[in-house]
Amino acid sequence: MWYNVLMIASKKGDSLRRSRGVSVNSVSRNRAALSNRSSSVAKARKKSPYRVKKTVNHSGKMSTNGQKNSGWWVLVGFIVVLTACVVAAIWASIELTDQKIAERKFDELAKKYYAEVLYPAATEVNSNVSAETALNAFSERGLTQVRLRQLINFYNDKKDRAVFSTERLECDTNNSFIVFYPKAPWGKGDYTTQKSLYCVDK
């Protein structure tokens, strides 16, 4: 009887060991499969050229575009500044020549002389005559010719005189002249002129 019991217990033990072995082996195989799958996924991610290339290209492209834009604006700014400097230099060379300064001074002196001398002389000779009547007679033939020498001597300013005789320029004060032609509405600033300023470089 004990023999039978032992045999039955032995069979049950074998059966349990087999079932546990199957379960252990199954679990081991599942774990191994999961481990292999995880390893394969990790390797695939590492080897994937798309993911790596996308990230690198994206960051690289952004950096390159930023550098290109920055360099472009620097170049544009440099060109603008250079152009402004060139224009300023050209303008200064045109405006600040001795000839231009002499012409401006000639116009300034002539304008003052007309308002202070010629206009009163033409309109105040006969107080019974209006300015229109007095000046209309000179609208076509002009008032008397005024030479540069007269203007310089009348105002007698050393600075004015120096403008027409510099280290680089000499003006002919005898042959340089201006003629005024009065026009309506016959005020002190209402006229046209004919002028000639003769200057030569030294």
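Asks: Any chance you could break down the side chain of D160 for me, citing the residues and the numbers?
Replies: Residue position: D160 is located in helix α6 (residues 158-163). Taking relative accessible area as the criterion, D160 reaches 10% and is therefore assigned buried. The residues touching D160, leaving out its near neighbours within four places in the chain, are K105 and L109.

Asks: Lay out the confidence of the model for the chain in plain terms, naming residues and giving numbers.
Replies: The predicted model of the chain averages 76 in pLDDT, with 63% of residues at 70 or higher. Per-residue pLDDT stays below 50 along residues 19-27; that stretch engages in zero contacts with residues further than four places along the chain or on separate chains. The low-confidence segment residues 48-63 (pLDDT under 50) makes two contacts with residues lying over four places distant or belonging to another chain.

Asks: Hey, could you go over the nonpolar core for me, with residue numbers and the actual values?
Replies: For soluble globular proteins, nonpolar side chains are generally found buried alongside one another. Formed by 26 residues in total, the largest nonpolar core has its most connected members in Y114, F164, C171 and F180. Of all the elements in the fold, those that place two or more residues in this core are α3 (98-123), α5 (148-155), β2 (169-171) and β3 (177-182). For this core, the element with the highest residue contribution is α3, accounting for nine residues. Apart from residues no more than four positions distant in its own chain, F180 is found in contact with A110, Y114, L118, G142, L143, Y191, T192 and T193.

Asks: An account of the pattern of salt bridges is needed here, citing residue identities and associated values.
Replies: Following the criterion strictly, the structure yields five salt bridges and no others. Where K105 meets D160, a salt bridge forms, and the shortest distance between an N and an O atom there is 3.2 Å. Within this pair, whereas K105 is found in helix α3, its partner D160 is found in helix α6, the two being separated by 55 residues in sequence. Exposure class is identical for K105 and D160. Each is buried. Among the ionic contacts, a cluster of salt bridges with common partners joins K105, E108 and D160.

Analysis parameters
Residues numbered from 1 in each chain as written. Predicted model: local features only at pLDDT ≥ 70, side-chain atom pairs only at ≥ 80, totals over all residues. Heavy atoms only, no water. Helix = DSSP H or I, 4+ residues; strand = E, 2+ residues; numbered from the N terminus. Buried < 20%, exposed > 50% of the residue type's maximum accessible area, 1.4 Å probe, protein only. Contact = heavy atoms within 4.5 Å. pLDDT = per-residue confidence, 0-100. Core = buried A, V, L, I, M, F, W, Y, C linked by side-chain atoms within 4.5 Å. Salt bridge = Lys/Arg side-chain N within 4 Å of Asp/Glu carboxyl O.

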